[in-house]
Amino acid sequence: MIVKLRKDVSEESLSKFIKTIKDLGLSPSDLSSGNSEKLIGLIGDTAKLDINNFRKIDIVEDVIRIQEPYKKANRKFHPEDTVVELANGVKIGGGNFQIMAGPCSVENEEQIIEVAKAVKEAGATILRGGAFKPRTSPYSFQGLGKEGIDLLLKAKKATGLPIVTEIMEISQLKYFEDVDMLQVGARNMQNFDLLKAVGATDKPVLLKRGLSATYEELLMSAEYIMASGNSNVVLCERGIRTFETETRNTLDITAIPYLKEKTHLPVIIDPSHAAGAAKFVRPLSLAGVGAGADGLMIEVHNDPSKALSDGPQALRPQEFDEVARKVFSLRKAMEA
Ligand code: PEP
Ligand code: MN
C-alpha cells in the first residue's frame, strides 16, 4: 500500500503517522526521494487494513492499494494449485478435471436415480441436484428440502457418485452431514454469515459467482470461507448479468484464466445457468475447457419438458453423453 501525504506536512505529524504505521505491525518506507511529494510505502500484511481509515487521517491525500485484499486465496502466498478432494478419491484442481452433472432440482426417487446412473455412465464423477432451491418466484417449485437430500443420498448409494447440493441458510447445515460438497449459490455469494458457517465445516465448498459480482468480490467471498478455517473451496463461473438479454446470462470466459492467475483455488464453469438454453451447453462447455477450467457443472434431466425447474437448459442423458465425449476428446487434444 502506498500513502501520499499532503505537501505541507510537519515533522511532528509525520513522526506521529510513522508511529501509527509501526503500531499496526507494518514497516514504513519513504518513497519520496527528495521531491516535494511525500510518498510512504507500507510494507507487510496490509490485507486486514481498512483503506478508508487511512483516508480519514488529516495529513493523508491519497491511498493506493498495490496488494490484493485477499491473502489465503492469493496465489502469491500459495503458488501451488489447491487440489480439493471429495469422497471416493474424486479430486478437482491441480490437473484433476471433473464433471458434476444432474438435474436442477431433485424431484423424485426415480428421476434422481435414473439421471445419476446415466450421467455416471457418460463420465460424470459428481452428482448434482438441488434440494433447497432459490427461485425468483415464491410460487415456483421450492425444492423437496430434506427429502431431496435423502434422495440424493440414495442416488449416491446406487452409483457411488459423491453429491453436491445447495445450502441456502445456516439452519439447513444439519441436513448436510452426509453431503460431499456444499454449494453456495450465486444469490448467496455475499451472504457472509453463511460463508462463515460453511467455512467452519471441513466439507468442500462450491462457491458460485454472484450475478453481478466482480472477480475481487468472488475472491473475497472465498477468503471468508478460508479465513474461517476451510480451504477446500472451488470457484464457479456461472454467467453474469450484462446488457445482453437474449441469453439468460453471459458466460465470462475470461474469469477462468484471470482467476487461475490470481488464486490457487480450482475454477469450474457452469454453462447451463450461463446460457439458459440446452443448445448452447456444448459450445460453452468446450470454451470453458479450452480456457483451462478444472471442471464443469451441467444440468441433466431425464425429461426436460417436465422438469420442475430450469427445463429449457437441461440436457437429456443422450445429449449429455455427447457433450462429455467432446469434452474428454478436447482435454486429450490439449494434453498433446
Ligand atoms: C443451481 O445450480 O441450481 C443454481 C441455482 O445455480 P446459481 O446459484 O448459479 O443460479
Ligand atoms: Mn438450475
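Because the structure is a prediction, the values reported are computed rather than measured.

Caption draft 1: How the structure looks around the sheet that holds strand β9 (residues 163–166). Strand order in the closed barrel made by the 8 strands is β7-β8-β9-β10-β11-β12-β13-β14, with parallel pairing throughout. Geometrically, the sheet is characterised by an average inter-axis angle of 25° between neighbouring strands, direction not taken into account. Across the sheet, helix α5 (residues 192–199) lies against β10 (181–184) and β11 (205–208), angled at about 170° from β10, the strand it touches most. Where helix α10 (residues 317–335) meets the sheet, its contacts fall on β7 (98–102) and β14 (295–299), and the angle it forms with β7 comes to roughly 170°.

Caption draft 2: Summary view of the nonpolar core. With 62 residues, the main nonpolar core has Val119, Leu127, Leu207, Leu235 and Phe320 as its most contacted residues. Core analysis: the next-biggest nonpolar cluster, separate from the first, contains 17 residues, Leu14, Leu26, Ile40 and Val63 among them.

Caption draft 3: Fine view of the layout of surface pockets. There is about 290 Å³ of room inside the largest pocket. Forming the walls of the largest pocket are Asp45, Ala47, Lys48, Pro69, Lys71, Lys72, Met220, Glu223, Tyr224 and Ala227. By residue class, the composition of the lining of the largest pocket is 5 nonpolar, no polar and 5 charged. Estimated volume of the second largest pocket: approximately 240 Å³. Along the walls of the second largest pocket sit 17 residues, with Pro134, Arg187, Arg248, His273 and Asp310 positioned nearest its centre. Class assignment of the residues belonging to the lining of the second largest pocket gives a composition of 3 nonpolar, 5 polar and 9 charged.

About the criteria used
- Residues numbered from 1 in each chain as written.
- Chains lettered and ligands numbered in written order.
- Predicted model: local features only at pLDDT ≥ 70, side-chain atom pairs only at ≥ 80, totals over all residues.
- Heavy atoms only, no water.
- Pairing = 2+ DSSP bridges.
- Helix = DSSP H or I, 4+ residues; strand = E, 2+ residues; numbered from the N terminus.
- Axes fitted to C-alpha atoms, helices over the stretch in contact; angles between N-to-C directions.
- Contact = heavy atoms within 4.5 Å.
- Core = buried A, V, L, I, M, F, W, Y, C linked by side-chain atoms within 4.5 Å.
- Buried < 20%, exposed > 50% of the residue type's maximum accessible area, 1.4 Å probe, protein only.
- 1 Å grid on protein atoms, 1.4 Å probe; cavity = no way out; pocket = protein on both sides within 12 Å on 5 of 7 lines; lining within 4 Å.
- Points joined across faces, edges and corners; volume = space filled by probe spheres on them.
- Nonpolar A, V, L, I, M, F, W, Y, C, P; charged D, E, K, R; others polar.

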